[in-house]
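Spelled out from the first residue to the last, the chains are:
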Amino acid sequence: MKSHRPPAARIEIPRRQFLQFLGVGAAVSLSGLQAACTLLQPVDDGNPLARKVSREWEKIYHDQYRYDSSFDWVCSPNDTHACRIRAYVRNGIVVRSGATYDYQKYADLYGNHASINWNPRQCAKGYTFHRVLYGPYRLRHPIVRKGWKAWAEAGFPELTAENKDKFLFTHRGEDKFLFTHRGDDEFIQI
Ligand code: SF4
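Q: When you look at the overall build of the protein in this model, what are you seeing that I'm missing?
A: Helix and strand content of the protein: six helices and five strands. Order of helices (α) and strands (β) in the protein, N terminus to C terminus: α-α-β-β-β-α-α-β-α-α-β. Of all 190 residues assigned to the protein, the portion counted as buried reaches 5%.

Put into structure tokens, the structure is as follows:
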């Protein structure tokens with residue numbers, strides 16, 4: 001689109017006046033720079049290493065990781081790694097998890113040792129698993145799948161295709177759960 005704005009007025013400045021103008025600007029800039037540089041002058045207030053430095057801020061970090069006791073447990077949330085994890089307890093609550101760094105020290109039933117290179121072994125899920133224990137969806141009661149209970153009461157018969165159907169092994173997620181125990185061996189459907 002064509003512009004209808006009038007052309008900008010041209011200001012005529014004589015060359016001599018223009019150079020004077022530049023000279024004044026440079027002088028002003030230089031004096032401002034000098035004033036700013038005086039603020040950067042070193043202040044001689046003695047040897048800073050000889051002064052007492054406040055280290056109060058470190059207490060925050062020390063407190064954050066403080067714990068009352070610890071115990072080791074094996075993480076096995078439906079995977080096969082079974083990592084050993086150290087839980088740190090404060091005020092009766094597991095507040096964080098850490099590595100045990102001792103995989104090379106113990107063996108399986110056959111005497112097989114892992115090498116020291118297995119340390120640390122946990123994944124992020126294992127390191128945060130204690131949060132599940134305190135979460136709103138934590139498991140609060142021992143429960144058992146209704147079909148599994150029927151299978152156990154039938155004497156654990158061979159899981160043929162027919163029995164898998166009968167005891168709902170082929171319908172995982174659709175079966176009901178039962179409390180396994182409430183006081184006087186009463187099973188209650190939930
Ligand atoms: S820490 Fe991770 S890899 Fe190890 S058992 Fe737990 S979930 Fe599995």
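Q: I would appreciate a short explanation of the sheet that holds strand 2 (residues 83-90) in the present structure.
A: Sheet strands pair via backbone hydrogen bonds, and the direction of the pair is either parallel or antiparallel. Spatial ordering of the open sheet is given by 1-2-3, a layout of three strands whose pairing is antiparallel. For this open sheet the edge positions go to strand 1 (69-75) and strand 3 (93-99), each flanked by a neighbour on one side alone. Taken pair by pair, the neighbouring strands of this sheet meet at an average axis angle of 35 degrees, ignoring direction. Summarising the sheet, strand 2 and strand 3 pair through six bridges and their orientation is antiparallel. Within strand 3, the residue paired with R86 across the bridge is G98.

Q: Would you mind showing me how to read unusual backbone geometry here?
A: The peptide bond linking N119 to P120 adopts the cis configuration, its omega dihedral lying at -25 degrees. Residue placement: P120 occurs in the loop between strand 3 and helix 3 (124-127). Phi angles above zero are rare outside glycine, and N91 is one such case at about 50 degrees. Notably, F156 is not glycine yet its phi reads approximately 50 degrees, a positive angle. With respect to the helices and strands, F156 occurs in the loop between helix 5 (146-153) and helix 6 (161-166). Judged by C-beta crowding, with 11 C-beta atoms within 10 Å, F156 ranks as exposed.

Q: What exactly am I supposed to notice about the pairing of strand 2 here?
A: Where a strand is regular, its side chains alternate between the two sheet faces. With seven bridges connecting them, strand 1 and strand 2 associate as antiparallel partners. Bridge assignment links S70 to a residue of strand 2, and that residue is Y88. Once strand 2 ends, the chain turns through two residues before running back antiparallel as strand 3, passing N91 with a positive phi of about 50 degrees.

Q: Even after reading the chapter, I still don't get the site of the ligand, so can you show me in this structure?
A: Contacts to the ligand come from C75, S76, P77, D79, H81, A82, C83, Q122, C123, K125 and G126. Each residue belonging to the shell around the ligand can be placed in one class, and the counts come to five nonpolar, four polar and two charged.

Q: Help me understand the environment of A107, please; the structure alone is not making it clear to me.
A: Within the fold, A107 resides in the loop between strand 3 and helix 3. For A107, a count of 10 C-beta atoms within 10 Å corresponds to the exposed category. Beyond its immediate chain neighbours, meaning those up to four positions away, A107 contacts N112 and H113.

Reading the values: rules and limits
- Residues numbered from 1 in each chain as written.
- Predicted model: local features only at pLDDT ≥ 70, side-chain atom pairs only at ≥ 80, totals over all residues.
- Helix = DSSP H or I, 4+ residues; strand = E, 2+ residues; numbered from the N terminus.
- Buried ≥ 20, exposed ≤ 12 C-beta atoms within 10 Å, placed from the backbone.
- Pairing = 2+ DSSP bridges.
- Axes fitted to C-alpha atoms, helices over the stretch in contact; angles between N-to-C directions.
- Near = placed C-beta within 6 Å.
- Nonpolar A, V, L, I, M, F, W, Y, C, P; charged D, E, K, R; others polar.
- Contact = placed C-beta atoms within 7 Å.

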